[in-house]
Amino acid sequence: MTKTVVCMKWGARYGPEYVRRLYAAVRRHVTGDLRFVCFTDDPAGCGAGVETQALPDIAIPDRVAWTPWRKLSLWRAPLHDLSGDVLFLDLDVVVAGPLDALFDYAPGRYAVIENWTQKGAGVGNTSVFRFPVGTYTHIFDAFDADPEAVLAAFRIEQQYISARIPDQVFWPADWVVSFKHSLLPPFPLNWFRTPALTPDARVVVFSGKPDPDEARDGVWPAPAHKRFYKHVRPTPWIAEHWG
């Protein structure tokens, strides 16, 4: 059975090299047949092995058009010609371990990592999730019909998705980890200890800053008054798994 992985790329923050790196890492960590699809507004340079498709249509206000709210377009049907369980990965994640288990876990369900900053609130973090195409189309339909009502009720898209899928399941916590919330030593130890990759981690999520290349090199862009605690030591394992 072919395993399908999708990502999305728009705007200029992440160039095509992020797509190429992500594809290469996924190919290393998925056994058997793989279909890798990037929905994008600019397919140039995404590389061999990557199938590029136009961003799915969605009625989305300009002020949030190029934010994670656009991910809601993945819940429409049809979604190009995709079917079955599909794994979504943000461009800035680091794939560090085997991914096959993410396809086998709770098949036919919406599977997502429990958001690290909202433990117990029932909210998934949509940096890494698997969804059955065409099953939860009400998520897209309600937003597409009245985006302002949804935006007024929910601060971010992942809260909206979790609220609309009462039977969501969370990945085992050690499979998908946050660089900042799971691996980075707390202040002031972050000045003296290098973040260590946990042995069962399949995917490392880099939300906000630093990006993977910045953490790899020990750089954390931050305002001057926050640099005393927003610090990361150079992290060599990122280069091993990501580049």
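Just above, that's the structure.
Bear in mind the structure is a predicted one, so any value in this text is a computation, not a measurement.

**With respect to the environment of D41**
Okay, so step 1: Its location among the elements puts D41 in the loop between β2 (34–40) and β3 (51–54).
Okay, so step 2: Residues in contact with D41, not counting those within four places in the same chain, are K9, W10, G11 and L55.
Okay, so step 3: For D41, the side chain forms a polar contact with the main-chain nitrogen of G11, separated by 3.3 Å.

**Topic: the sheet that holds strand β4 (residues 85–89)**
Okay, so step 1: Judged by pairing direction, the sheet is mixed, and its 7 strands sit side by side in the order β3-β2-β1-β4-β7-β6-β8 without closing on themselves. Since the sheet does not close on itself, it has two edges, and those belong to β3 and β8 (169–170), each with one partner.
Okay, so step 2: Looking at chain direction, strand β1 (residues 3–9) and β4 are connected through 3 bridges and run parallel. The residue of β4 that forms the bridge with T4 is V86.
Okay, so step 3: On top of the sheet, helix α1 (residues 16–29) reaches β1, β2 and β4; it is set at about 160° to β2, its chief contact.

**Brief notes about the nonpolar core**
Okay, so step 1: Formed by 48 residues in total, the largest nonpolar core has its most connected members in V26, V128 and F179.
Okay, so step 2: Here this core gets 6 residues from one element, more than from any other, and that element is α1.
Okay, so step 3: Apart from the residues within four sequence positions on either side, V128 is in contact with L87, F88, L89, V93, L102, A111, V112, I113, W171, V176, V203 and V205.
Okay, so step 4: The next biggest cluster of nonpolar side chains, apart from the first, holds 33 residues, and it includes I60, W75, V112 and Y136.

**Let's talk about the sheet that holds strand β5 (residues 94–95)**
Working definition: the strands of a sheet are paired by backbone hydrogen bonds and lie parallel or antiparallel to each other.
Okay, so step 1: Judged by pairing direction, the sheet is mixed, and its 3 strands sit side by side in the order β5-β10-β9 without closing on themselves. With one partner strand each, in any of the chains shown, β5 and β9 (176–178) form the two edges of the open sheet.
Okay, so step 2: Where β9 and strand β10 (residues 203–205) come together, 3 bridges link them in parallel fashion. Along β10, the bridge assignment pairs S178 with V205.

**Focus on unusual backbone geometry**
Okay, so step 1: Note that the residue after A77, namely P78, is joined by a cis bond; omega there is 0°.
Okay, so step 2: Inspection of the secondary structure assignment puts P78 in the loop between β3 and β4.
Okay, so step 3: In the segment running from F187 into P188, the intervening peptide bond is cis, with an omega of 5°.
Okay, so step 4: Checked against the element boundaries, P188 lands in the loop between α6 (179–183) and β10.
Okay, so step 5: A positive phi angle, near 50°, is found at H80, a position not held by glycine.
Okay, so step 6: Residue placement: H80 occurs in the loop between β3 and β4.
Okay, so step 7: Positive phi is not limited to glycine here, since A106 has a value of about 45°.
Okay, so step 8: Secondary-structure assignment places A106 in the loop between α2 (100–104) and β6 (111–114).
Okay, so step 9: Since its relative accessible area comes to 24%, A106 is described here as partly exposed.

Scoring rules and cut-offs
- Residues numbered from 1 in each chain as written.
- Predicted model: local features only at pLDDT ≥ 70, side-chain atom pairs only at ≥ 80, totals over all residues.
- Heavy atoms only, no water.
- Helix = DSSP H or I, 4+ residues; strand = E, 2+ residues; numbered from the N terminus.
- Contact = heavy atoms within 4.5 Å.
- Polar contact = N/O pair within 3.5 Å; in protein donor to acceptor, adjacent residues only side chain to side chain.
- Pairing = 2+ DSSP bridges.
- Axes fitted to C-alpha atoms, helices over the stretch in contact; angles between N-to-C directions.
- Core = buried A, V, L, I, M, F, W, Y, C linked by side-chain atoms within 4.5 Å.
- Buried < 20%, exposed > 50% of the residue type's maximum accessible area, 1.4 Å probe, protein only.

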